[in-house]
Amino acid sequence: MKIRWFTPFRRRLALREWLALLFILIAIAAVVSWQNGLSRLDQSRYDLFLSTVNKPTPDNIIIVAIDDYSLTQLGRWPWPRATHAELFKQLNKAHPRAIGFDVILSEPEPAPSDGTLSGDQKLADALQENGRTVLPLTITNAGYGLTARLPAPELAHAAGALGHINLTHDNDGVVRSVFLREGNNGWWWQNFSAALLSLGESQQAISAPPKSEVQTNIAGIDSWQRADQMYIPFAGNVGYIQSIPYVAVLRGEVPAEFFTDKYVLIGATAPGMTDSYPTPVSGGTGAMPGIEIHAQILSNLLQGKSIHFATPLETALFSSIPVFMAMLGYLLLSPRRALFAAGFWLLVTVATSYIGLRFMDIWLPPSVAIIAIVVSYPLWSWRRLEAAINYLGQEFARLDREPHLLPEEKTTSTSEDGTDVLEQHISAMKKAARRVRDLRQFVSDNLDNLPDATLVTSVDGHILLANRHAKDYYWSLGRDDVRGVSVIELLAQLKMPVPVDQAINLSFDWPHLLDRGHAQALLNGVSAQDHTGRDLLVKSGPCYSATNLLTGWIVSILDISTIRAIERSRDETLRFLSHDMRAPQASILALLELQHESSSELPQQELFSRIEKACRKTLGLADNFVQLARAESQEYRLEEVDFQDLLFDASDEMWSLAKSRHIDLKVDIAEGEYPVNADRTLLTRALSNLMSNAINYSPDHTTILCSLWSEQDGEQTRVVCSIRDQGYGIAEADQSKLFQRFQRVDLPNQPRHDGVGLGLVFVKTVIERHLGEISFVSVAGEGTTFTLSLPLYRDISAL
């Protein structure tokens, strides 16, 4: 079994205290059990368990009860012994197995004056005729020690046997046992029930040596001795043994065969005249008549049953084992499970004691074990709590001495102003808990506010925390929650992973990202692409505990799409500078070199014309590049302008070019006002570029229509402008490249025009920076329509 809380601290302290507490508890339990120190508690448990026993009523034992009914019919007690003689005559007819007559007959009855037979003679004749009758003897103390008081001599000689009716009372006054043999001066008298059994089994009830340890009178004033103690397994309460009223038997109302071959006990059961005693099963009735107690003793003797008390050694072991098992549970289990284990061993102890008494007639006293287990849990919990508090106090003090990462409010300390230790610990715990919460909130806020998607994982790579950028990123990919997911599984979905600044011949796999052996090689991260085409840079870093133990990893996912786009733009610009800007300059130099030789010399007019054309081309390229750079910058001079004016300015600028191509440039403006918040120069240049493209990519003698209107888009009004030509159109395969840098789209049958593919990029950049949208529809051979949409400008004071 795994010892979950067995830290080094507890191995040193808890184990030592556990052994000490175990030794003390087991020693106390063993000593108290050996000496039967909790006998009164065990007696109550004994009585409770025994009262639950319910056995069938024996059919071979009958009580002839001297009850209230008989007293009513025959008169007050004592009755004449001649009456008893008549009873015996009725019973002798039935030939019972044996008769026990539990009536004290120690004094002879006076003889009648008329010379007839006395009651004693009549009773003696009846007893002698029966031959199997036991008469009781009592034990008296005349001041010189205990002695046996026998029945009248005439009756004693007529009886089949004599038996003592002395019952043993425990220290609480309850009858739980009886000595089967008692006597003195070498004479032993069997118990009344044992003598009855001897007669019934045709055995002679005579004086015999004891079968077990002899108990001598503790006062030492006489030689009375006891032996063969029997703990009575009571099987029921008053009325358990079937009884018949004395008077009913006397009058012959009960068939003789009812008593045939049965043990018959005759005794008093009427309240006020009976020798009643409290027993473990008498419960609510308060006491049980002595004749019923003797009947139950006889029943158990017939069955050979008696309750055997465990020896002191057995009792000590029985009390110690559950305590040891409960203490072992405290050591090995969590507090909750240890409590359940203690409860389990309490139940086992009680159940074992009950089962032993109920089914095996063995009594194992459970009180010592129960009390030891009940006491052990709070004792152990107290010691463990005390140790934990001391340990936490030391840790809090050490934590308080460490530098604080976050600012704290100054509070007045009361630890040295008479405050008790518990309050000091509570105060320290509050302070530590507040610091932990503040630090956790600080870490959480910092993690959440990091500009990049960040994941915190366990050592094996399972995600524990994710900041909001990471949640938003993976939500956009269709994952609602990534906690608990393996980060390697997520990263494996990225395409083209390439470690930054790593040698080309070295292989890479995503698990390397969480391997400290590859940490230095992957210091600059791994570039990759997700399935949406975004460029990402993945970095990782290990997390360590205060003891330099690896506790997890921090994985950052940076979206470097903008950086990659800037890098591609830089590369394209370099290509532009190295080719398109360089070509006209190279042409000028070539023309000048040709002029040095008379064979290749050009006329001066043609030379100037070619140089002018190359210079104008270079100037146009530079101008386009500068305008695009300005459009992509932050220097926009916004003002309220009328879009109609911008459209007219652009159309006036392009009028001469359209005129030279015999192209009709029309402007169609719907009625209304079209104020926009715009940079007049850049927006006019964007419109001019669109008109210039429409003219350049349209055949002669066609029409270009520039339309302007407004439309409602939800709660917002937008200004919409379209420029539609009747030109060559754009092939469907080239339409996706239209707004990309340095991309030209020409159909095979159309004239070629000078340009580097920056005009529409400029237009799109300007429109989007004005919070607008641009779209187009083009059909090859029919023409192209560009549509611009800008928000209508409204004066804030008018809103």
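Bear in mind that the values here come from a model prediction, so they are computed numbers and not experimental data.

**As for the pattern of salt bridges**
Close approach of charged atoms allows side chains of opposite charge to pair. Evaluated as defined, the whole model comprises 17 salt bridges. Between Glu107 and Arg149 there is a salt bridge whose closest N-O contact spans 2.9 Å. A residue pair is termed long-range when its members are at least 10 positions apart, and Glu107 in the loop between β2 (98-101) and α5 (119-130) and Arg149 in strand β4 (residues 146-149) qualify at 42 residues. We classify Glu107 as partly exposed; its relative accessible area is 47%. A salt bridge links Arg680 to Asp649; the shortest N-O distance between them is 3.5 Å. Here Asp649 lies in helix α19 (residues 643-660) and Arg680 lies in helix α20 (residues 680-696), a separation of 31 residues in the sequence. Connected through salt bridges with shared partners, the residues Asp47, Asp170, Asp172 and Arg176 form a single ionic network.

**Describing helix α12 (residues 367-401)**
With 35 residues, α12 should reach 51 Å at 1.5 Å per residue; the first-to-last C-alpha distance of 51 Å fits that figure. Where α12 is concerned, the buried positions are Ser367, Val368, Ala369, Ala372, Ile373, Ser376, Tyr377, Trp380, Arg384, Ala387, Gly393 and Phe396.

**A short note on the sheet that holds strand β22 (residues 550-559)**
Overall, antiparallel pairing links the 6 strands, which are arranged β18-β17-β22-β21-β20-β19 in an open sheet. Only two strands of the sheet have a single neighbouring strand rather than two, namely β18 (463-466) and β19 (495-499). For this sheet, the mean inter-axis angle between neighbouring strands, taken without regard to orientation, is 25°. Strand direction decides the pairing type here: strand β17 (residues 453-457) and β22, joined by 5 bridges, are antiparallel. Directly across from Thr454, in β22, lies its bridge partner Ser556.

**Details of the environment of Ile426**
Topologically, Ile426 is positioned in helix α13 (residues 421-448). With 37 residues separating them in the primary sequence, Ile426 and Ile389 have C-alpha atoms 9.6 Å apart.

Rules of the game
- Residues numbered from 1 in each chain as written.
- Predicted model: local features only at pLDDT ≥ 70, side-chain atom pairs only at ≥ 80, totals over all residues.
- Heavy atoms only, no water.
- Salt bridge = Lys/Arg side-chain N within 4 Å of Asp/Glu carboxyl O.
- Helix = DSSP H or I, 4+ residues; strand = E, 2+ residues; numbered from the N terminus.
- Buried < 20%, exposed > 50% of the residue type's maximum accessible area, 1.4 Å probe, protein only.
- Expected span 1.5 Å × (residues − 1).
- Pairing = 2+ DSSP bridges.
- Axes fitted to C-alpha atoms, helices over the stretch in contact; angles between N-to-C directions.

The values reported here are purely geometric and, on their own, carry no functional implication.
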